[in-house]
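# Working through the structure, step by step
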Amino acid sequence: MSHANLGPKPPFRADQVGSLLRPEPVKEARRRFFAGEIDRDELTAVENEAIRRIVAKQKEIGLAAVTDGELRRSWWHFDFLEHLDGVEGYEPEQGGIQFHNVTTRPRAIRVVGKLGFSKDHPMLAHFRFLREIAGEHVPKMTIPSPSMLHFRGEVADGAYPDEDELFHDLALTYQAAIRAFYEAGCRYLQLDDTAWAYLCSDEQKQQMMVKGRDPKRLEQKYAETINQALEAKPEDMTITMHICRGNFRSTWISSGGYEPVAETLFQKLNIDGFFLEYDTERAGGFEPLRFVNRKSLSIVLGLITSKHGALEDKDEVKRRIEEATRYVPLEQLCLSPQCGFASTEEGNLLTEDEQWAKLRHVVEIAHEVWG
């Protein structure tokens, strides 16, 4: 299927968030690697073969942008963040992250020294491999937003006594990351950020306040830090942001529409496009999109769920796209799944065939809506 009419530049009319289910050979190779049965080169060879296969599949389906499925990662965020200068990963005693009726395995990060981004960050090499095999398709790279280091990380005693200095260095770190990915050939970068969805949830904001965090200050500081980081974005690079309410083994964390943060998101963040979760009523209605007031801002409607394999009714998806045009012109809208299929290596509860059918569904609907 041709991708020529899915739009001239990202985000595309039919797009995707990024992560894909880990194929069995990758899962088995990772198990053997951590058991000491194979070395890093052998694991990388298995990953490379699997990534070539999934990139070919994305091309076959008709997607304009291809990802490596985040197949080399265990987590969507920790794997990137713990390789920043001044950050370390560890296993917390209190356990994992609590989702709806399920908890992740234990993993956490903490800031232990001055933040920075080095040119030997492993994900630069991951992107270069993707770019080599992307061909005429656009290679899309996904990394966690700077907000996630602060939101999910701890700060060791003495590392950053002044929180404003932490945010300042975090912005500079991401400026360096953006430049490094650009130099590696990246023209389509996505910042994944669940913090904004938490700021939409009364329950989650209450939990923040119990921990001594002020939600309004977080909203302000996260926006300032992201915009400072984006000062490094070259003119011919597209940077989007994906916002969701949690995605682990087909479960979720937070609920609440975008209204509480809509004005900040759509009018104050210098982002080129937003991937917005809209597959359930937990994300609220399209009314917050009334704050979209610049023609250069793309809104990618996440109307196709990645949490189960049943295909959405095409007419219902088209009806909801039409409903969104009450607030944003059709030419500024795109379509995608609401999240990736495997935010962690465990993956959501659907099959690979169902995953590919979902993405093909997105492409088919986009062709029918936008022509």
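This report concerns the structure included in the present document. Source: prediction; values computed, not measured. (Residues numbered from 1 in each chain as written. Predicted model: local features only at pLDDT ≥ 70, side-chain atom pairs only at ≥ 80, totals over all residues. Heavy atoms only, no water.)

### Focus: the sheet that holds strand β8 (residues 153-155)
Test applied: One bridge is not enough; two strands pair if DSSP finds at least two bridges between them. Think of it this way: any DSSP run of H or I at least four residues long counts as a helix, any run of E at least two long counts as a strand, and we number them from the N terminus. Fitted lines through C-alpha atoms give the axes, limited to the stretch in contact for helices. The angle between two N-to-C directions lies from 0 to 180 degrees.
Here 3 strands make up an open sheet; going across it, the order is β2-β5-β8 and the pairing mixed. Edge positions in the open sheet fall to β2 (85-90) and β8, since each of these has one partner strand only. Pairs of neighbouring strands in the sheet enclose a mean axial angle of 35°, with direction left out of account. Two strands pair when backbone bridges link them, and strand β5 (residues 108-116) and β8 are joined in this way by 3 bridges, in the parallel orientation. By the bridge assignment, R110 is partnered in β8 with E154.

### Examining the nonpolar core
Rules: Throughout this description, the term nonpolar core refers to a set of buried Ala, Val, Leu, Ile, Met, Phe, Trp, Tyr and Cys residues connected via side-chain atoms within 4.5 Å. Three labels apply to residues, based on accessible area from a 1.4 Å probe with only protein chains included: buried if under 20% of the type maximum, exposed if over 50%, partly exposed otherwise in between. When checking whether two residues touch, look at their non-hydrogen atoms; a contact exists if any pair is within 4.5 Å.
With 111 residues, the main nonpolar core has F181, W196, F266, F274, L289, I299 and L301 as its most contacted residues. With 8 residues, the top contributor of residues to this core is helix α6 (residues 163-183). Contact partners of W196, with chain neighbours within four places excluded, come to S147, E219, Y222, A223, I226, M241, I243, V261, T264, L265 and L269.

### Re the state of the cysteines
Quick note on the threshold: For this text, the term disulfide refers to a pair of cysteine sulfurs within 2.5 Å.
Counting across every chain of the model gives 0 disulfides. A disulfide-free cysteine, C186 has its sulfur positioned 17 Å from the sulfur of C334, the nearest such atom.

### Regarding the packing of helix α11 (residues 314-324) against helix α12 (residues 352-370)
Cut-off, in case you're wondering: When describing relative orientation, an angle under 35 degrees is termed roughly parallel and one over 145 degrees roughly antiparallel, while 65 to 115 degrees is termed roughly perpendicular and anything else oblique. Should the near helix be turned anticlockwise from the far one by less than a right angle, the crossing is left-handed, and should it be turned clockwise, the crossing is right-handed. Classes in brief: Ala, Val, Leu, Ile, Met, Phe, Trp, Tyr, Cys and Pro nonpolar; Asp, Glu, Lys and Arg charged; the others, Gly included, polar.
Remark: α11 packs on α12, axes separated minimally by 11 Å, with the N-to-C direction vectors making an angle of 55°. Relative to α12, the element α11 lies oblique. In this structure, α11 crosses over α12, and the sense of that crossing is right-handed. Across from K314, V317, K318 and I321 in α11, the residues of α12 making contact are H361, E364, I365, E368, V369 and W370. For the contact of α11 with α12, the residue count by class is 5 nonpolar, 1 polar and 4 charged.

### Regarding unusual backbone geometry
Residue P11 is bonded to the preceding P10 through a cis peptide linkage, with omega at -10°. Residue placement: P11 occurs in the segment before α1 (24-34). Residues other than glycine seldom take positive phi values, yet E70 does so here, at roughly 60°. Assignment of secondary structure puts E70 in the loop between β1 (65-66) and α3 (78-81). Accessibility expressed as a relative area gives 4% for E70, which makes it buried.

### Some points on α11
Put simply, the rule is: Starting at the helix axis, one direction is taken to each C-beta atom, and the arc is that of these directions. Counted as a polar contact is a pair of N or O atoms within 3.5 Å, where, for protein atoms, one must be capable of donating a hydrogen and the other of accepting one, and residues adjacent in sequence contribute only when both atoms are in side chains.
Listed as buried for α11 are V317, R320, I321 and A324. The arc that holds every buried residue of α11, seen down its axis, measures 105°, which confines them to one face. Counted as exposed and oriented over 90 degrees from the buried face of α11: D315 and E322. Near the N-terminus of α11, the side chain that reaches the backbone nitrogen of D315, with its oxygen 3.1 Å away, is that of D313.

### Considering the packing of α6 against helix α9 (residues 215-230)
It is the contact of α6 with α9, at a shortest axis distance of 7 Å, that shows an interaxial angle of 35°. α6 and α9 meet at a crossing whose hand is right-handed. Counting all contacts with α6, which are made through E163, D164, F167, H168, L170, A171, L172, Y174, Q175 and I178, the residues of α9 involved are R217, K221, Y222, T225, Q228, A229 and L230. Taken together, the residues of the contact of α6 with α9 sort by class into 9 nonpolar, 4 polar and 4 charged.

### Quick notes on the sheet that holds strand β10 (residues 238-243)
Pairing is parallel across the open sheet formed by 6 strands, whose spatial order is β7-β9-β10-β11-β12-β13. With partners counted over all chains shown, the strands left at the sheet margins are β7 (141-144) and β13 (333-337), one partner each. If you compare each strand with its neighbour and ignore which way they point, the axes differ by 25° on average. Of the pairings in the sheet, the one linking strand β12 (residues 298-304) to β13 comprises 5 bridges and is parallel in character.

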